[in-house]
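Coordinate analysis (summary)
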Amino acid sequence: MKRTIQVECLRYHPETDAAPRYQTYEVPFSDDMSVLQGLQYIKDQLDGSLTFRWSCRMAICGSCGQMVNGVPVLGCETFLRDYYPGKLRVEPLNHFPIVRDLAIDQTDFLKKLESVKPYVISSNVPQQGTFVQTPRQMEDYYQYSQCINCLLCYAACPQYGLNSSFTGPGALALLHRYNADSRDEGKSERMKVVNAEDGVWGCTLVGYCSEVCPKGVDPARAVNQNKINSTKDYFFRFWLK
Amino acid sequence: MEALKRSNKPIFWSLFGAGGMLSALIGPMLIFITGIAMPLGMVNFSYERAAAFAQNGFGKAAILLVISLFLFHGVHRMYHCVHDFGVHVGPGLKAAFHGFAALGTLAAGWLLLSIGV
Amino acid sequence: MRTYTRPMAGWWRRNPFYLWYMLREASCVFITIYALVLLTGLFRLAQGKESFDRWLESLASPVSIAFHAIALLLVLYHAWTWFKVMPRTMPFVRIGKRRVPDGFIVSFAFASSVVLSGALFIAVWWFS
């Protein structure tokens with residue numbers, strides 16, 4: 001006899017709903033079932049109208065971010081057994097507009113991502129072969145390169161929730177990833193984003209972003225290191241230029 | 001993308017950081033001294049001793065730094081707290097908070113000068 | 001596309017992590033008031049012995065002790081969170097090729113605080 005767990009999902013169909021509502025489902029589960037699999041069970045067996053994003057099922061694509069009992073997690077690596085015998089409340093990621101049910105509008109993040117020029121800018125690309133980099137040079141940016149754009153950090157960040165003009169933890173971590181890469185020469189191009197009120201200065205080091213990041217990126221570190229860089233840039237800009 | 005104006009935060013953040021570091025290092029002990037040690041008589045900071053300290057150059061610098069940096073640290077965080085509670089903050093409130101810290105700094109400086117050497 | 005935006009009001013009450021953050025931030029109120037307490041003491045000092053002695057007596061009042069007790073707890077919490085977060089505010093520190101671990105930086109900061117605080121207490125006790 002399989003155990004069942006109650007999964008309460010936020011529902012929002014703009015064509016019929018003025019505001020979100022909640023619907024509870026009884027989901028039979030085994031110990032190895034993830035929250036994502038629970039949602040898939042609901043969609044396959046109980047209610048085909050439930051909408052949610054997912055893809056790889058192994059925490060690398062960044063698609064299945066949800067709020068589970070108020071905490072941003074990846075559905076595919078969060079397990080139903082850990083909430084039993086309590087109830088699960090599944091909601092779309094905080095601080096983003098809800099498009100439908102558990103799917104959010106990520107447009108703003110994509111804009112922010114584009115603004116930080118997330119690519120190596122170099123005038124010295126080798127004509128033949130590759131760039132050369134020591135392990136230590138790679139260590140300088142490696143953890144920030146692990147970002148899968150899952151947006152859990154944005155759901156965690158209250159400053160982004162209070163002010164969506166804030167560039168945000170993920171985009172700023174990626175900005176730092178390129179600034180810290182020895183192959184990159186684009187730091188000065190990205191400083192405008194760093195130095196702005198909505199750049200690193202929108203952060204008050206709540207630190208929840210790094211707490212929820214599933215890949216160990218530590219965006220709080222990336223943002224707050226750049227407060228020093230921004231300060232140096234502010235005071236020494238006439239000196240160094 | 002909206003206009004990316006350079007922020008003036010570095011000035012206030014540096015003061016906030018210095019105050020935060022100072023208060024993290026010796027804040028608790030200072031509070032313990034004035035709040036618990038002195039009333040309990042563990043230390044007896046007499047007027048003569050205090051005046052001598054305040055007349056001394058090092059003493060003046062220490063007193064001014066503690067009062068000023070604690071104030072700048074406090075107001076910067078308070079300003080952000082107000083924002084965190086969802087209240088709209090603008091340049092007016094920013095000027096009021098930091099102006100208060102500046103006034104406190106000036107007052108401390110003035111008093112230290114008046115105490116003489 | 002008619003999206004729905006959820007309100008932020010009361011956000012900090014919805015997660016224990018945020019509550020601790022707000023507590024950390026609240027310490028700033030007590031640090032500010034404490035700075036004003038010191039400023040008042042300085043003012044009384046400038047006024048002369050009688051005034052300063054009265055200020056010293058006021059430190060023994062129940063209100064003052066209560067304030068200091070709460071301030072002590074909150075500023076201790078501020079110090080704790082400040083040092084724990086320090087490694088994240090600095091670039092990677094290396095000795096030669098090897099990275100100095102975050103834990104080392106935090107421990108060093110705490111140790112510095114203990115040493116400096118101890119020195120401060122001894123200095124005040126010695127000169128009083």
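Residues numbered from 1 in each chain as written. Chains lettered and ligands numbered in written order. Predicted model: local features only at pLDDT ≥ 70, side-chain atom pairs only at ≥ 80, totals over all residues. Heavy atoms only, no water.

The secondary structure content of chain A amounts to nine helices and seven strands. Classification of the 241 residues of chain A by burial places 53% in the buried group. Of the roughly 10,800 Å² of accessible surface on chain A, 50% is carried by carbon and sulfur atoms. (Helix = DSSP H or I, 4+ residues; strand = E, 2+ residues; numbered from the N terminus. Buried < 20%, exposed > 50% of the residue type's maximum accessible area, 1.4 Å probe, protein only. Areas by Shrake-Rupley, 256 points an atom, 1.4 Å probe, with all protein chains shown as cover.)

Examined against the element boundaries, A:Asp105 turns out to sit in the loop between β7 (103-104) and α2 (107-115). Buried charge without a partner: A:Asp105 forms no salt bridge, and the closest opposite charge is A:Arg53, 6.6 Å away. Reaching out from A:Asp105, the side chain makes a polar contact with the side chain of A:Thr107 at a distance of 2.4 Å. Once residues within four sequence positions are removed from consideration, A:Asp105 is found in contact with A:Phe96, A:Pro97, A:Val99, C:Met1 and C:Thr3. (Lys, Arg positive; Asp, Glu negative; His and termini not counted. Salt bridge = Lys/Arg side-chain N within 4 Å of Asp/Glu carboxyl O. Polar contact = N/O pair within 3.5 Å; in protein donor to acceptor, adjacent residues only side chain to side chain. Contact = heavy atoms within 4.5 Å.)

Residue and element names in this part refer to chain A. Per the counting criterion, the structure on display carries 27 salt bridges over all chains. With a shortest N-O distance of 3.1 Å, Arg11 and Asp101 are connected by a salt bridge. A residue pair is termed long-range when its members are at least 10 positions apart, and Arg11 in strand β1 (residues 3-11) and Asp101 in the loop between β6 (98-100) and β7 qualify at 90 residues. Considered together, Arg11 and Asp101 belong to a single accessibility category, that of buried residues. A salt bridge links Asp82 to Arg81; the nearest nitrogen and oxygen atoms lie 3.8 Å apart. Accessibility expressed as a relative area gives 38% for Arg81, which makes it partly exposed.

Residues and elements named next belong to chain C. Domain assignment breaks chain C into domain 1 (12-88) and domain 2 (90-128). Here domain 1 and domain 2 have C-alpha centroids that lie 22 Å from each other. Tallying the contact residues gives six residues for domain 1 and seven residues for domain 2. Buried area between domain 1 and domain 2, both sides added, is near 670 Å², and the carbon and sulfur share of it is 78%. Among the residues of domain 1 in contact with domain 2, Phe83, Met86 and Pro87 are the three that bury the most area, contributing 78% of the side total. Along the contact surface separating domain 1 from domain 2 lie zero salt bridges. Per-class residue counts for the side of domain 1 that touches domain 2 are four nonpolar, no polar and two charged. (Domains from an automatic or database assignment. Buried area = accessible area lost by both parts, 1.4 Å probe. Nonpolar A, V, L, I, M, F, W, Y, C, P; charged D, E, K, R; others polar.)

Okay, the pairing of β1(A) next. Residue and element names in this part refer to chain A. Where β1 lies against strand β2 (residues 21-29), nine bridges are found, and the strand directions are antiparallel. The residue of β2 that forms the bridge with Leu10 is Tyr22. Relative to strand β5 (residues 88-91), β1 runs parallel, the two sharing three bridges. Residue Cys9 lies in a different strand from β5, and its bridge partner there is Val90. (Pairing = 2+ DSSP bridges.)

This next bit is on helix α3 (residues 57-84) of chain B. Residues and elements named next belong to chain B. Its 28 residues place the ends of α3 40 Å apart at the C-alpha level, agreeing with the 40 Å of an ideal helix rising 1.5 Å per residue. Counting buried positions over the 28 residues of α3 gives 20, a clear majority of the element. One side-chain oxygen of the residue at the start of α3 lies 2.9 Å from the amide nitrogen of Phe58, identifying that residue as Asn56. Of the residues trailing α3, Gly86 is marked for its positive phi of about 90°. (Expected span 1.5 Å × (residues − 1).)

Residues and elements named next belong to chain A. Taking strand neighbours across the sheet as the criterion, the five strands line up as β2-β1-β5-β3-β4 in an open arrangement whose pairing is mixed. Edge positions in the sheet fall to β2 and β4 (71-74), since each of these pairs with one other strand and no more. Pairs of neighbouring strands in the sheet enclose a mean axial angle of 35°, with direction left out of account. Of the strands in this sheet, β1, β2, β3 (65-68) and β5 touch helix α1 (residues 35-46), which is tilted by about 100° from β2. (Axes fitted to C-alpha atoms, helices over the stretch in contact; angles between N-to-C directions.)

What follows deals with the interface of chain A and chain C. The figure often quoted for interface size is the accessible area lost as the parts come together. Contact with chain A, which involves 42 residues of that partner, is made by 25 residues of chain C. Here chain A packs against chain C, burying approximately 2,800 Å² in sum over the two surfaces, 53% of which is carbon and sulfur. The largest contributions to the chain A side of the interface with chain C come from A:Arg136, A:Leu205 and A:Arg221, which together make up 20% of the buried area. Scanning the region where chain A abuts chain C turns up four salt bridges. Put simply, C:Arg94 and A:Glu139 hold a salt bridge, and the shortest N to O gap is 2.7 Å. Sorting the residues of the side of chain A that touches chain C by element identifies β6, α3 (135-139), α4 (152-156), α5 (158-162), α8 (208-212) and α9 (219-240) of chain A as the ones contributing at least two each. With five residues, α9(A) is the largest single contributor of residues to the side of chain A that touches chain C. Taken together, the residues of the side of chain A that touches chain C break down into 23 nonpolar, eleven polar and eight charged.

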